[in-house]
Amino acid sequence: MAHPKTGGYLPVPNVQALAQTWNGSGELVPDRYVRTEEAAADEVVARCELPVVDLGRLLDPRSSKEQLVNLGYACQHWGYFQLINHGVPEEVIRDVRDLAEFFRLPLEAKKACAQLPDDIQGYGQGFVFSETQKLDWADMIYLKLRPVESRSMRFWPAQPPSLRGSVDRFSAAAAEVTASLLRFMAADMGVQPERLLEKFGAQPQTMKVTYYPPCRLAGDVLGLSPHTDACALTLLLHVNEVPGLQIRRDDGKWHAVEPLEGAFVVNVGDTLEMLSNGKYKSVEHRVAVHPDEERISAAMFHQLLPNTTVGPLPELVKGSGGGARYRSVDYADFMKQFFSERHDKGVRHLDHYRM
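Residues numbered from 1 in each chain as written. Predicted model: local features only at pLDDT ≥ 70, side-chain atom pairs only at ≥ 80, totals over all residues. Heavy atoms only, no water.

Novice: Looking at this structure, how should I read the sheet that holds strand β11 (residues 264–268)?
Specialist: In spatial order, the strands read β2-β3-β11-β8-β13-β6-β5-β4; together these eight strands make up an open sheet with mixed pairing. Every interior strand has two partners, whereas the edge strands, β2 (52–54) and β4 (122–124), have only one. Between one strand axis and the next, the sheet turns through 25° on average, direction left out of account. Relative to β11, strand β3 (residues 80–84) runs antiparallel, the two sharing four bridges. Within β11, the residue paired with Gln-82 across the bridge is Val-265. On top of the sheet, helix α4 (residues 64–78) reaches β2, β3 and β11; it is set at about 145° to β2, its chief contact. (Pairing = 2+ DSSP bridges. Helix = DSSP H or I, 4+ residues; strand = E, 2+ residues; numbered from the N terminus. Axes fitted to C-alpha atoms, helices over the stretch in contact; angles between N-to-C directions. Contact = heavy atoms within 4.5 Å.)

So this is what it looks like as structure tokens:
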């Protein structure tokens, strides 16, 4: 299955509630959140300008070839890009930003969507395996969206009343954008679109909405630990305009991403790197928090079919001259491995499968 049971994450305090009391207390950051050494270990380069891909120009035969080169460059050399003219209606974007209202609810109301002990779905945190593990300065709600029959409405907030419809429309729009991108990515890789798209079928999709409270000692904490995404493709929407995403470039430095208004930040995930036999890059990223402002983001993860195999596409292995760079594995086992790992020390999930 694409979203396996986790075997249980340990419950941890609600960070939003903690921040509301702690920020005005004058006390030091609680020890389990202190990441000063890790956060300061590497240089951060401000105002990283990601490649910009124009989906409208990709779809236009008059400019498609030129824009395809741009897309290929972004996926091969950055693993990240900002997608503009993506065609998602402004009202869909506006409505899904109502997700911010969920985090305004009293804690007890949010707990109506709380995670169960053996599943990552719902409201809470994830990837906590020990009582001594360092924690992220964030809360999240994680939902299965596609295929529609996989949805468990027990975890979908009933408040605000418009939220479920907004998420449903956004889910459909994001899936359509992703299908278009995958077709062009196949062309850039040099394979028939059907060879790549057959791996996705009904296009399994999940959503993680993350709330990063302000922290007056922001340099002491991390909002999200360094990691790569296990999925094929992630579309990230900044629900509000507070930055925080940082990506690690080949120079070993963290580069702070400045989101473009109305754009999606798109990144290649582990499975797409494997399918491309390493031509595309899944890049390590993390999130810093702001000292005074909350940050909310919605990440749409697009995944492979649960009954498929993930590994280099055979035609790319034949054409590479160097053979397969990753071993093939059952996708359900691949995801089970991902959800059973700690992500507080920059674990490279792909390292398990490199040849």
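On we go from here.
Novice: Could you clarify how one ought to interpret the sheet that holds strand β9 (residues 245–248) in this entry?
Specialist: Working definition: the strands of a sheet are paired by backbone hydrogen bonds and lie parallel or antiparallel to each other. Taking strand neighbours across the sheet as the criterion, the five strands line up as β1-β10-β9-β12-β7 in an open arrangement whose pairing is mixed. For this open sheet the edge positions go to β1 (44–48) and β7 (224–227), each flanked by a neighbour on one side alone. Each neighbouring strand pair of the sheet contributes to a mean axis angle of 25°, computed without reference to strand direction. Looking at chain direction, β9 and strand β12 (residues 285–287) are connected through three bridges and run antiparallel. Along β12, the bridge assignment pairs Gln-246 with Arg-286.

Novice: What exactly am I supposed to notice about the packing of aromatic side chains here?
Specialist: Given two aromatic rings, one states the distance between the centres and the angle between the planes to describe the pair. Throughout the structure, instances matching the rule amount to 10 aromatic pairs. Where Tyr-33 meets Trp-137, the ring centres are 5.4 Å apart and the plane angle is 85°; that geometry is what we call edge-to-face. A residue pair is termed long-range when its members are at least 10 positions apart, and Tyr-33 in the loop between α1 (15–22) and α2 (36–40) and Trp-137 in the loop between β4 and β5 (139–146) qualify at 104 residues. Exposure class is identical for Tyr-33 and Trp-137. Each is buried. Measuring from centroid to centroid gives 5.1 Å for Phe-334 and Tyr-353, while their planes differ by 40°, and the two rings are tilted. With Phe-334 in helix α12 (residues 331–339) and Tyr-353 in the segment after α12, this residue pair connects regions lying 19 residues apart in the sequence. Each member of the pair, Phe-334 together with Tyr-353, is buried. (Phe/Tyr/Trp six-rings, centres within 6.5 Å; stacked < 30°, edge-to-face > 60°. Buried < 20%, exposed > 50% of the residue type's maximum accessible area, 1.4 Å probe, protein only.)

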